[in-house]
Amino acid sequence: MLIKRNFIFSIVITVIFISLCTVYYEQQNKKYTIDGFIHKATHYFNNEEYIQSLRYYKKLISMSVPDEKVYINAATALIRTGYYQKAVDLLSKMEKELPPSCEMYYLLAYSNYLKTVNDTGKKDFRTSIEYLQKSIVLDSRNKDSYKLLGSIYEQKRQFEFARQWYKKASMEDIDNSGEFYGFIANTYFKQRRFEEATKYYEKALKENKNYISAYYNIAEIYKEESNFEKSEEYYKKAIEISPDYIYPYYQIGNLYFENNEYATAIEWYKKALKIEPNEQNINFFTGIAYKKINEPEKAEEHLKIAAYSGNDDALKELKGAL
């Protein structure tokens, strides 16, 4: 009887031991599998192979891995591959299962925004606005949230609301917060409120003297006001900062073109064409300028380049010359 009891006891102990080993093995195996999936997903994500990364992120999510970065990267991969609704669905699942975060709310706003922009029909950005505001509550220094929020209000042509958010951002301890002065200036520029726009572009330049858009847009304002001398001055400042940026050369050429100084206009157009030889609009105006100074062969050369590049006005000019 004692032998039988010992035998049963040993069997029970053995079963318990095997069960514990099995559980331990499964847990270790799961750990190694999770670590392996995270490693592979991260590798593909960092190399911008988003479709490949999603294969592993989906497996991790199906295994209920409570890792915020897994959800964030998976949603980002979906957004960058154009699957906006799927990104919204995934982030909504994350919102239910994990604690809220600034990045989660921003991506919910951004994916909803992109989905709305790409949908036909009425554009309703209220959901995006709500998530962006939640994002800012959690982190008042989140630069991307302010930028997208302001951009949405600009698209709705609610410029005062856009300025309110840009101004809030400019008062936060955010890297390069002076950039928001430029955004404020842009809203005034769109409303043709040039005095206020110039004021804020100048503020932006005090924060960042290499802010090329500020120089360029101040030049555009002076051009609108027919102050060609000041306009040229600011276009040249933009060129000093970025010599390979073709449009200041082009716009200086246009200033001279509009003043009937065609030879000087051509000099500036050529500087732009050295950087981008096939730019259609610059070739078109170069061709017209040569036509104005009675050099038909050079005019035809540039008009042909413009026409081949898709400029319809150049094609009309060439047909008219036949």
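Let me sum up the structure you'll find in this document. (Residues numbered from 1 in each chain as written. Predicted model: local features only at pLDDT ≥ 70, side-chain atom pairs only at ≥ 80, totals over all residues. Heavy atoms only, no water.)

For the rest of this paragraph, the subject is the overall build of the chain. A tally of helices and strands in the chain yields 17 helices and 0 strands. Each of the 322 residues in the chain was classed as buried or not, and the buried ones make up 42%. Long-range pairs, those at least 24 residues apart, make up 47% of the contacts in the chain with a sequence separation of at least 6. In the structure as shown, the chain presents an accessible area of about 18900 Å², 51% of it carried by carbon and sulfur atoms. (Helix = DSSP H or I, 4+ residues; strand = E, 2+ residues; numbered from the N terminus. Buried < 20%, exposed > 50% of the residue type's maximum accessible area, 1.4 Å probe, protein only. Contact = heavy atoms within 4.5 Å. Areas by Shrake-Rupley, 256 points an atom, 1.4 Å probe, with all protein chains shown as cover.)

The next thing to look at is the packing of aromatic side chains. Inspection of every chain in the model, using the stated rule, returns 28 aromatic pairs. Between Y215 and Y234, the aromatic rings sit 6.3 Å apart at their centres with planes inclined by 35 degrees, giving tilted as the arrangement. With Y215 in helix α11 (residues 212–224) and Y234 in helix α12 (residues 228–241), this residue pair connects regions lying 19 residues apart in the sequence. Given the relative accessible area of 12%, Y215 is considered buried. Ring plane angle 65 degrees and centroid distance 5.5 Å describe the contact between Y216 and Y235, whose orientation is recorded as edge-to-face. Of this pair, Y216 sits in helix α11 while Y235 sits in helix α12; the two residues are 19 residues apart in sequence, bridging distant segments of the chain. Just as Y216 is buried, Y235 falls in that class too. Among the aromatic residues, those joined into a ring-pair cluster are Y216, Y235, Y245, Y247, Y250, F257, Y262, Y269, F284 and F285. (Phe/Tyr/Trp six-rings, centres within 6.5 Å; stacked < 30°, edge-to-face > 60°.)

Next up on the list: helix α2 (residues 50–62). With 13 residues, α2 should cover 18 Å at 1.5 Å per step; its first-to-last C-alpha distance of 18 Å lies within 8% of that length. Listing the buried residues of α2 in full gives Y50, S53, L54, Y56, Y57, L60 and I61. Within two residues after α2, S64 carries a phi angle of roughly 60 degrees, on the positive side. (Expected span 1.5 Å × (residues − 1).)

Our focus in this paragraph is the side chain of K223. Residue placement: K223 occurs in helix α11. Classification of K223 as buried rests on a relative accessible area of 18%. Beyond its immediate sequence surroundings of up to four residues, K223 is in contact with F228, S231, Y235, Q251, N254, L255 and E258.

This part covers the packing of helix α4 (residues 84–97) against helix α5 (residues 102–118). It is at 9 Å that the axes of α4 and α5 come closest, and there the two elements cross at 150 degrees. Considered as vectors, α4 and α5 are oriented roughly antiparallel to each other. The handedness of the crossing between α4 and α5 comes out as left-handed. Contact residues: Y84, Q85, A87, V88, L91, S92, M94 and E95 in α4; M104, Y105, L107, L108, S111, N112, L114, K115 and N118 in α5. Here the residues of the contact of α4 with α5 are counted per class, giving 10 nonpolar, 5 polar and 2 charged. (Axes fitted to C-alpha atoms, helices over the stretch in contact; angles between N-to-C directions. Parallel < 35°, antiparallel > 145°, perpendicular 65-115°, else oblique. Left-handed = near helix turned anticlockwise from the far one by under 90°. Nonpolar A, V, L, I, M, F, W, Y, C, P; charged D, E, K, R; others polar.)

Turning our attention to the pattern of salt bridges. As enumerated under the stated definition, the model contains 14 salt bridges in all. Residues E233 and K237 are paired through a salt bridge, measuring 3.5 Å at the closest nitrogen-oxygen approach. Remark: K237 and E233 occur in helix α12; sequence separation between them is 4 residues, near one turn of the helix. Accessibility expressed as a relative area gives 27% for K237, which makes it partly exposed. E317 is the partner of K291 in a salt bridge, and the nearest nitrogen-oxygen pair spans 2.7 Å. Of this pair, K291 sits in helix α15 (residues 280–292) while E317 sits in helix α17 (residues 312–321); the two residues are 26 residues apart in sequence, bridging distant segments of the chain. Judged by relative accessible area, which is 25%, E317 ranks as partly exposed. (Salt bridge = Lys/Arg side-chain N within 4 Å of Asp/Glu carboxyl O.)

Honestly, it's all geometry; don't read function into it.
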